[in-house]
Amino acid sequence: MSAANGSPETTGTTAGTPADPAPGGGPRPEPIRFFGTTWVRHEGGYTARRLGLAAGALVLTAAACLVLRIAYQGLQIAEIGSFVTVLVVVMFAVCSALAFGHTWGAFTTRPDPDRQASLRGLLAIGFLGSLLAYAVRCLVEAPGEKLHRTEYEAARTQYEKRTTRRSGNPKKRRR
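Chemist: Sorry, what's going on with the overall build of the protein here?
Modeler: Along its length, the protein carries six helices and zero strands. Counting helices and strands in the order they occur from the N terminus, the protein gives α-α-α-α-α-α. Expressed as a percentage of contacts within the protein between residues at least 6 apart in sequence, the contacts between residues at least 24 apart total 66%. A total of about 11500 Å² of accessible surface is found on the protein, and carbon and sulfur atoms cover 63% of it.

So, in structure tokens, the structure goes:
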């Protein structure tokens, strides 16, 4: 929280500088994890950060696939049977596909907190899909940027509408 105005601090910007997203007051953009408010004007290494995060997510995905491969080999060594092995592989594939879809959708609309809590286990099992969705989204834009930009522009428009209507002294109006 900023001590000056009680609002959350934004990464990469300070009040009163030309980089301040809300120089005349009004709504402030919501920071995005790893990007702060650099997504507003695509400044401060925004593109490099996006590409770095995409590469990092892809490396994590590859490492996770390696760990799952070792787990699969453990199932083969244990000789538990083909039914259980197929069941585990299908479970990870389905959970990853569902996690990809859920994570991708969460970048464009605000997820319902109750639904998010109920899907926590599925998202944990399908972590490969979430990592892949994050990597692909980083190649296009900052994850969640479209949602945040839409909300921010709507708030700015509403703020400007409110402030332009209040011009002059209402006491001097004719009735």
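Chemist: When you look at unusual backbone geometry in this model, what are you seeing that I'm missing?
Modeler: What you tend to see is this: most non-glycine residues have negative phi, and most peptide bonds are trans. At H42, a position not held by glycine, the phi torsion is positive, near 55 degrees. Counting through the fold element by element, H42 comes out in the segment before α1 (46-78). Unusually for a residue other than glycine, E79 sits at a positive phi of about 50 degrees. When you line up the elements, E79 lands in the loop between α1 and α2 (82-106).

Chemist: Could you clarify how one ought to interpret α2 in this entry?
Modeler: Along an α-helix, a turn takes 3.6 residues, which lines up residues three or four apart on a common side. Taking 1.5 Å as the rise per residue, α2 with 25 residues should run 36 Å; its terminal C-alpha atoms sit 36 Å apart, in good agreement. Where α2 is buried, its residues contact α1, α3 (113-118), α4 (120-125) and α5 (127-140).

Chemist: Help me understand α5 in this model?
Modeler: Taking 1.5 Å of rise per residue, the 14 residues of α5 would be expected to cover 20 Å, and the 20 Å separating its terminal C-alpha atoms lies within 8% of that figure. Taken residue by residue, α5 has L128, G129, S130, A133, Y134, A135, R137 and C138 as its buried positions.

Chemist: Would you explain the nonpolar core in this entry?
Modeler: Soluble, globular proteins show a tendency: their nonpolar side chains are buried together. The biggest cluster of nonpolar side chains holds 14 residues, and the ones touching the most others in it are F35, W39 and Y134. Elements supplying a minimum of two residues to this core: α1 and α5. In terms of residue count, the dominant contributor to this core is α1 (four residues). Not counting residues within four places of it along the chain, the set of residues in contact with F35 comprises Y46, R49, R50, L53, Y134, A142 and P143.

What counts, and at which threshold
- Residues numbered from 1 in each chain as written.
- Predicted model: local features only at pLDDT ≥ 70, side-chain atom pairs only at ≥ 80, totals over all residues.
- Heavy atoms only, no water.
- Helix = DSSP H or I, 4+ residues; strand = E, 2+ residues; numbered from the N terminus.
- Contact = heavy atoms within 4.5 Å.
- Areas by Shrake-Rupley, 256 points an atom, 1.4 Å probe, with all protein chains shown as cover.
- Expected span 1.5 Å × (residues − 1).
- Buried < 20%, exposed > 50% of the residue type's maximum accessible area, 1.4 Å probe, protein only.
- Core = buried A, V, L, I, M, F, W, Y, C linked by side-chain atoms within 4.5 Å.

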